[in-house]
Structure formats: structure tokens, C-alpha cells
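# Structural description and commentary
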Amino acid sequence: MEALENYFQSHSGETFIVVGNAGTVNTADFDDLEKIGQLKEKYPFWLHVDAAFGGFAACSPLYAYYVQGLNYADSITMDAHKWLNVPYDAAMQFTRHPQLQAEVFHNQSTYLGSADAGFNFIPYPPENSRRFRALPAWVSLLAYGREGYRDIVERNSQLAQQFGQQIEQSGKFRLLASVKMNVVCFTINGSTTTGQVGEFLAALREDGRVFMTPTVYKGIPAIRAAISNWQTEERDVMIALEALNRVYDRMIQPAITQ
Ligand SMILES: *Cc1c(COP(=O)(O)O)cnc(C)c1O
């Protein structure tokens, strides 16, 4: 926060967009949106919040405090193909400046019609022709509602907690950050090169039971497990842990004992 404010002060008169994080990719961590938002009183900047994953924290009283201050945002983006559980590639965007957005993206053409016949969606997104992505999103919202999504968010996050605890206790893996919501960021004990993580994940994929992706967290080659499917249950977490243990025992253990 201090660095941000110093930056504003040393660049006064300039135009800024601040991108706040609500659920980072590596660890589902959150910026203090309340504190950032309050700076808007002193400095004129556009606050965009990347809430691709984390916006769904608002569905649950257990996690809603993570997105406190989201109301300060000028614009927010949220993915629908993650926690809303609809097919790729669907997302939502919210803005406090619809007029400006329409000015930016509007394609001037009489054949596209005008807003006279009701709300006109055409001028808002960067693309004109697009699939009816809103339909599965809308139907899913109707089917599950706020309570349904609260349930999915809490269940997924609780499973990530469990998964994180097991990782911590395994002696084979090491948790790199506390589990905030649905993402578990960890690495292999005693093995920290990108190449080793890559080989490990290739062997895990070969095992066939679980698929995980590599990342780097604070300079450490790592693995991230993200749980977002509505069907995931404790049994799946056990299967994932079993697969991780098996690959470790076959690949890492012999290398250590040699
Ligand atoms: C997934 C994700 C993105 C990428 O968005 P896509 O719409 O999936 O391309 C950006 N930011 C965060 C925090 C994400 O989790």
C-alpha cells in the first residue's frame, strides 16, 4: 500500500489504472481492496479488479470478507468457466461506466440498430458477433442460485484445505502458501528445479488419475492444484494424493536413496 501511494505521489498528474487481485492464480490470494479503494478519495485512478476466481468468495459468508471493498471498483471481470462451472469460454464484466464503455467499443453502423427497442448489448463488448455464452451462465444461475454456489465454493475450499493439510503432513511435499480458498500451491520436498517439477508432472499425467500444472511461486518451481468442479468430493482428493504419493515413491524416493 505504501509503495502504491508513493508511486501516485511521485507521478502526480498522470493517469492510472490499478489492477487489484481477487484470487491470484498461484495461491488465490486477495489484495486489500478496501484500502486500495479508499485511496480513490485522494488520487484519481481507475480501479479494475481481476476477480476471475475470487469474485465467488462473495457467495459465502465464510469468505466474503476477502472481497470487502470490491464496491470501489470501476470495473470487475469474473470468469464463468471456472467457479460458475459452465463450458469454456465464458466470463462476466461489470462496469460503473457503461456510457464510456459503449463509446470505446461502439461500432457505428445503422444496420446494428439502436437501444430504442430496449437494452442494446451490442456496443459493450469488444466483439460484435458472438455465441450465446450467456445462456448456460444464466441457466446455471437459475438452477443453483446463490445457495448452490455458496455450497460449491465452500465445498471446494474445504477440500483444498484438506488437500493442503495432507500435503503438509506428507513429508514428501511442502506447502508454499497457506490455503485461502480453492488453490493449493506446493512443491516437492528436496527437489526444486523447474525441470524436476516438469518431469514429476509428466509422470503424474502418465499415471492418469490426476492432472496438475506447473508454476513458480516466489522463485520456487511449484505445482498448483485448483479445485473448482461442482462434482469434486473427498474421494477425489484421496485419489489425487494417492497418485502424488505413488509418483513420488517411484521417481523421487529412489533418487534420494541412491
Ligand atoms: C483464469 C484467470 C485468468 C484468465 O482468464 P481466462 O478468462 O480464463 O482466460 C486471469 N486472472 C485470474 C486471476 C484467473 O484465475
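The structure this text deals with has already been given above.
Residues numbered from 1 in each chain as written. Predicted model: local features only at pLDDT ≥ 70, side-chain atom pairs only at ≥ 80, totals over all residues. Heavy atoms only, no water.

### Re the pairing of strand E3 (residues 75–79)
The buried fraction of E3 is high, at 4 of 5 residues. Of the pairings in the sheet, the one linking strand E2 (residues 45–50) to E3 comprises 3 bridges and is parallel in character. Looking at E3, one finds that Asp-50 is bridged to Thr-77. Sheet analysis places E3 next to strand E4 (residues 91–95), joined by 5 bridges and oriented antiparallel. By the bridge assignment, Ile-76 is partnered in E4 with Phe-94. (Buried < 20%, exposed > 50% of the residue type's maximum accessible area, 1.4 Å probe, protein only. Helix = DSSP H or I, 4+ residues; strand = E, 2+ residues; numbered from the N terminus. Pairing = 2+ DSSP bridges.)

### Here's the deal with the side chain of His-48
Looking at the secondary structure, you find His-48 in strand E2. On the basis of relative accessibility, which here comes to 17%, the residue His-48 falls in the buried class. Within the local environment of His-48, its side chain forms a polar contact with the side chain of Thr-77, the two groups lying 3.1 Å apart. Discounting chain neighbours no more than four positions away, the residues touching His-48 are Ile-17, Val-18, Val-19, Gly-20, Ser-75, Ile-76 and Thr-77. (Polar contact = N/O pair within 3.5 Å; in protein donor to acceptor, adjacent residues only side chain to side chain. Contact = heavy atoms within 4.5 Å.)

### Observations concerning the site of the ligand
As a matter of local geometry, the ligand sits amid Gly-23, Val-25, Asp-50, Ala-52, Phe-53, Asp-79, His-81 and Lys-82. Asp-50 places a polar side-chain atom, nitrogen or oxygen, 2.7 Å from a nitrogen atom of the ligand. Asp-79 is positioned such that a nitrogen or oxygen atom in its side chain is 2.8 Å from an oxygen atom of the ligand. Considering the ligand on its own, with 380 Å² of exposed area, one finds that the protein chains cover 60% of that surface. Partitioned by chemical class, the residues of the shell around the ligand number 3 nonpolar, 2 polar and 3 charged. (Near = heavy atom within 4 Å. Areas by Shrake-Rupley, 256 points an atom, 1.4 Å probe, with all protein chains shown as cover. Nonpolar A, V, L, I, M, F, W, Y, C, P; charged D, E, K, R; others polar.)

### Brief notes about the environment of Glu-206
Following the sequence through the fold, Glu-206 ends up in helix H5 (residues 194–207). Residue Glu-206 is classed as exposed on the basis of its relative accessible area of 68%. Separated by 41 residues in the primary sequence, Glu-206 and Val-247 place their C-alpha atoms 9.5 Å from one another.

### As for the nonpolar core
Most often, soluble globular proteins have nonpolar side chains that are buried together. Core analysis: the biggest nonpolar cluster contains 36 residues, and Phe-45, Val-49 and Met-181 have the highest contact counts within it. Sorting the residues of this core by element identifies strand E1 (16–21), helix H2 (33–38), E2, E3 and helix H4 (134–170) as the ones contributing at least two each. The leading source of residues in this core is H4, at 4 residues. Look past the residues within four positions of Phe-45 in its chain and what remains in contact with it is Phe-8, Phe-16, Val-18, Ile-36, Leu-39, Lys-40 and Asp-74. Counting 27 residues, the second-largest nonpolar core is a separate cluster that includes Ile-167, Ile-227, Val-237 and Ala-240. (Core = buried A, V, L, I, M, F, W, Y, C linked by side-chain atoms within 4.5 Å.)

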